[in-house]
Amino acid sequence: MSDLAVIGCGYVGSVSAACLASLGHRVRAVDVDEERVARLRRADPPFVETGLPELVRHEANAGRLTFGCDVRAAVRDADAVLICVATPTAPSGESDLSQLWGALVAVAPELRRDAVVVLRSTVPVGTGDACVDALRDATSARWTGDVVTNPEFLREGTAVHDFLHPDRLVFGGPAAVVAVLEDLYRPLLAEEDPLVFRMDRRSAELVKAGANAALAAKISLANEIADLCERTGADARTVLPAIGADTRIGASWLGPGLGWGGSCLPKDLAALISTGEGVGLRTPLLRAVGAVNADRVAVAMQKLRAHLGTVRGRHIAVLGVAFKAGTDDLRSSPSLALCARLLADGATVAASDPLVRFLPDEWASVPLVADPYAAARIADAIVLTVRSNVAEDLDPVRLASAMRGEVVLDLPNALDPAGFAAAGLRVVGTGWAPATLGAREVFLTSPQG
């Protein structure tokens with residue numbers, strides 16, 4: 001059993017803290033946000049994450065997990081200090097490391113002489129080396145420990161499962177301190193037998209951003225192939241699974257839709273491009289991945305105009321506003337980007353999402369309702385943006401009775417077109433052409449409205 005301090009109680013920090021406590025460690029997690037800490041103490045995280053409330057409650061009751069705001073008290077006597085603060089994208093495209101440097105300044109006075117500092121935050125290449133120098137300076141060389149880069153691969157909505165059942169663990173740093181970190185994960189190494197990659201800090205820092213770039217590339221590829229299918233009369237619903245059946249490619253993440261968003265993929269892609277610029281390297285593939293994704297809202301708007309003539313004055317229901325199913329995270333949400341474009345072009349928008357409880361103040365003109373049928377009332381068209389239980393549970397007959405129009409834009413191809421056609425609704429998917437519309441007609445119609 002080790003004494004651990006976790007700095008930052010967002011998605012990564014709170015999940016890491018609770019899961020490490022479940023492995024038998026004593027964990028003190030801290031955050032500057034007093035409201036967030038208060039909610040975590042009540043086992044009521046301020047974000048949706050499957051299994052996290054129950055795990056927090058169990059570990060807190062067992063005395064292995066506490067939450068607070070006193071960084072020094074948390075760090076004092078800790079064997080290892082995990083840095084889990086946010087590293088958002090700065091306007092320049094570089095990672096904003098201000099929270100990271102602030103965390104190091106806060107922990108330095110109480111850092112135990114031999115404590116290991118673990119970077120869980122996603123950081124640019126070379127950050128771990130800079131952290132070592134900063135901590136040596138801040139402690140006047142009193143600290144003789146080291147920094148290990150331990151990138152996380154947690155998917156929002158399944159983060160607890162991903163932590164406790166990892167497919168791989170990445171440790172970057174000198175062998176002696178990597179061994180310390182491996183001891184923290186010993187129960188997982190014994191039970192789950194994940195792949196373990198030991199490397200230097202700089203290599204480990206590049207793994208996370210590179211992995212997210214690869215995932216973003218698969219989604220952008222799927223969307224570009226789907227667009228080709230529509231223009232040529234092919235069907236992406238059969239083409240993409242057949243492509244993904246190649247074990248060298250894989251079917252996971254090879255699905256079309258409104259594109260990728262969230263807190264990780266956009267940030268990490270921008271950071272990789274910025275890193276390349278910093279060393280004089282062009283990154284045309286990474287830039288193309290982002291460019292394809294940036295076009296997805298325009299493609300959705302073009303489809304709506306092709307079927308409605310114009311969106312101006314139309315009532316549009318958007319089902320799904322989080323950046324993906326299984327979370328309430330609105331960061332870089334393609335669905336919200338679509339809502340913004342609809343509003344700018346004169347449409348009236350209503351939204352529904354099974355997990356999102358409220359929208360920020362700037363979205364006051366978009367009513368958010370829990371009932372998708374209420375959102376669809378007098379709608380001229382519905383746009384389904386993400387796969388979720390909403391798509392699985394939609395009753396086409398009930399939907400048709402609520403709507404004024406008949407168009408259902410199914411961007412992730414989650415619906416049964418035949419069932420909706422029987423109710424008098426026309427499903428327009430991604431990568432295939434409805435029988436009543438020529439394969440080229442959707443994309444060759446001049447945009448209006």
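Our subject is the structure that appears above.
The structure contained in this document is the topic of the report that follows. (Residues numbered from 1 in each chain as written. Predicted model: local features only at pLDDT ≥ 70, side-chain atom pairs only at ≥ 80, totals over all residues. Heavy atoms only, no water.)

A word on the nonpolar core
In step 1: Counting residues in hydrophobic clusters, the biggest one holds 42 residues, and the most contacted among them are Val15, Val27, Leu65, Phe67, Phe163 and Tyr185.
In step 2: Top contributing element to this core by residue count: helix 1 (residues 11-22), with eight residues.
In step 3: If we skip the residues at most four places from it in the chain, phenylalanine 163 touches Val15, Ser16, Cys19, Leu20, Leu23, Arg120, Leu154, Tyr185 and Leu188.
In step 4: Core analysis: the second largest hydrophobic core is formed by 29 residues, Met301, Leu308, Ile316 and Val321 among them. (Core = buried A, V, L, I, M, F, W, Y, C linked by side-chain atoms within 4.5 Å. Buried < 20%, exposed > 50% of the residue type's maximum accessible area, 1.4 Å probe, protein only. Helix = DSSP H or I, 4+ residues; strand = E, 2+ residues; numbered from the N terminus. Contact = heavy atoms within 4.5 Å.)

Considering the pairing of strand 13 (residues 407-410)
In step 1: Side chains Val407 and Leu409 of strand 13 all project onto a buried face; the interleaved residues Val408 and Asp410 project onto the opposite face, where all are buried too.
In step 2: Here strand 12 (residues 381-384) runs beside strand 13; their pairing, made up of four bridges, is parallel. Within strand 13, the position partnered with leucine 384 by the bridge is aspartate 410.
In step 3: As defined by bridge partners, strand 13 adjoins strand 14 (residues 426-428) across three bridges and the pair is classed as parallel. The residue of strand 14 that forms the bridge with valine 407 is arginine 426.
In step 4: At this point the chain moves from strand 13, through helix 19 (residues 417-422), to the parallel strand 14, and the crossover so formed is right-handed. (Pairing = 2+ DSSP bridges. Right-handed = clockwise from strand over helix to strand, strands pointing away.)

Let's talk about the packing of helix 12 (residues 265-278) against helix 13 (residues 284-294)
In step 1: As a packed pair, helix 12 and helix 13 sit with axes 10 Å apart at the nearest point and diverge in direction by 150°. By the angle between their directions, the pair helix 12 and helix 13 is classed as roughly antiparallel. The chirality of how helix 12 crosses helix 13 is left-handed. Note on element contacts: helix 13 touches helix 12 through Leu286, Arg287, Val289 and Gly290, opposite Leu269, Leu272, Ile273 and Glu277. (Axes fitted to C-alpha atoms, helices over the stretch in contact; angles between N-to-C directions. Parallel < 35°, antiparallel > 145°, perpendicular 65-115°, else oblique. Left-handed = near helix turned anticlockwise from the far one by under 90°.)

Topic: the pairing of strand 5 (residues 116-119)
In step 1: Every second residue of strand 5 is oriented toward a common face, with Val116 and Val118 on one face and Val117 and Leu119 on the other, all of them buried.
In step 2: Relative to strand 5, strand 4 (residues 80-83) runs parallel, the two sharing four bridges. When the bridges of strand 5 are listed, isoleucine 83 appears paired with leucine 119.
In step 3: Crossover handedness for the path strand 4 to helix 5 (residues 98-107) to strand 5: right-handed.

What to know about the packing of aromatic side chains
In step 1: Within this structure, the stated rule accounts for three aromatic pairs.
In step 2: With centroids separated by 5.7 Å and ring planes inclined at 50°, the aromatic side chains of phenylalanine 171 and tyrosine 185 adopt a geometry described as tilted. Separated by 14 residues along the polypeptide, phenylalanine 171 in strand 7 (residues 168-172) and tyrosine 185 in the loop between helix 8 (175-184) and helix 9 (186-191) bring together distant segments of the chain.
In step 3: Counting every residue linked through ring pairs, the aromatic cluster contains Phe163, Phe171 and Tyr185.
In step 4: The ring centre of tryptophan 432 lies 3.8 Å from the NZ or CZ of arginine 237, which sits over that ring. (Phe/Tyr/Trp six-rings, centres within 6.5 Å; stacked < 30°, edge-to-face > 60°. Lys NZ or Arg CZ within 6 Å of the ring centre and 35° of its normal.)

Some thoughts on the sheet that holds strand 10 (residues 348-352)
In step 1: Here we have six strands laid out as an open sheet, ordered 11-10-9-12-13-14, and parallel in their pairing. Every interior strand has two partners, whereas the edge strands, strand 11 (368-369) and strand 14, have only one.
In step 2: Pairing analysis gives two bridges linking strand 10 to strand 11, with the strands arranged parallel. Bridge pairing in strand 11 links alanine 351 to leucine 368.
In step 3: Those strands touched by helix 14 (residues 296-308) are strand 9 (315-319), strand 12, strand 13 and strand 14, and its axis lies near 160° from that of strand 13.

Quick notes on the environment of alanine 29
In step 1: Assignment of secondary structure puts alanine 29 in strand 2 (residues 26-30).
In step 2: Residue alanine 29 is classed as buried on the basis of its relative accessible area of 1%.

Description of unusual backbone geometry
In step 1: Positive phi values are uncommon outside glycine, yet tryptophan 253 reaches one of about 70°.
In step 2: Assignment of secondary structure puts tryptophan 253 in the loop between helix 11 (236-244) and helix 12.
In step 3: Given the relative accessible area of 32%, tryptophan 253 is considered partly exposed.
In step 4: One non-glycine residue, asparagine 413, lies in the positive phi region at around 55°.
In step 5: Summarising the element assignment, asparagine 413 is placed in the loop between strand 13 and helix 19.

A look at helix 8
In step 1: Those residues of helix 8 not exposed but buried are Val177, Val178, Leu181, Glu182 and Leu184. Down the axis, helix 8 shows its buried residues gathered within 150° of arc, on one side only. Those residues of helix 8 that are exposed and angled more than 90 degrees off the buried face are Ala175 and Ala176. (Arc of directions from axis to C-beta.)

Some words on the side chain of glutamate 230
In step 1: The topology assignment puts glutamate 230 in helix 10 (residues 201-232).
In step 2: A polar side-chain atom of glutamate 230 sits 2.6 Å from a polar atom in the side chain of lysine 303. (Polar contact = N/O pair within 3.5 Å; in protein donor to acceptor, adjacent residues only side chain to side chain.)

Considering the pattern of salt bridges
In step 1: Here the structure, examined in full by the defined rule, presents 28 salt bridges.
In step 2: Where arginine 331 meets glutamate 156, a salt bridge forms, and the shortest distance between an N and an O atom there is 3.5 Å. Highlighted residues: arginine 331 in the loop between strand 9 and helix 15 (334-344) and glutamate 156 in the loop between strand 6 (146-149) and helix 7 (159-164), separated in sequence by 175 residues.
In step 3: The exposure class assigned to glutamate 156 is buried, which follows from its relative accessible area of 11%.
In step 4: We note a salt bridge from arginine 305 to aspartate 345, for which the minimum N-O separation is 2.4 Å. Of this pair, arginine 305 sits in helix 14 while aspartate 345 is found in the loop between helix 15 and strand 10, placing the two residues 40 residues apart along the sequence. Aspartate 345 carries the same exposure label as arginine 305, and that label is buried.
In step 5: Ionic contacts of the salt-bridge type, sharing partners, join the residues Asp129, Asp146, Arg201 and Arg202 into one network. (Salt bridge = Lys/Arg side-chain N within 4 Å of Asp/Glu carboxyl O.)

Just distances and angles here, no functional claims.
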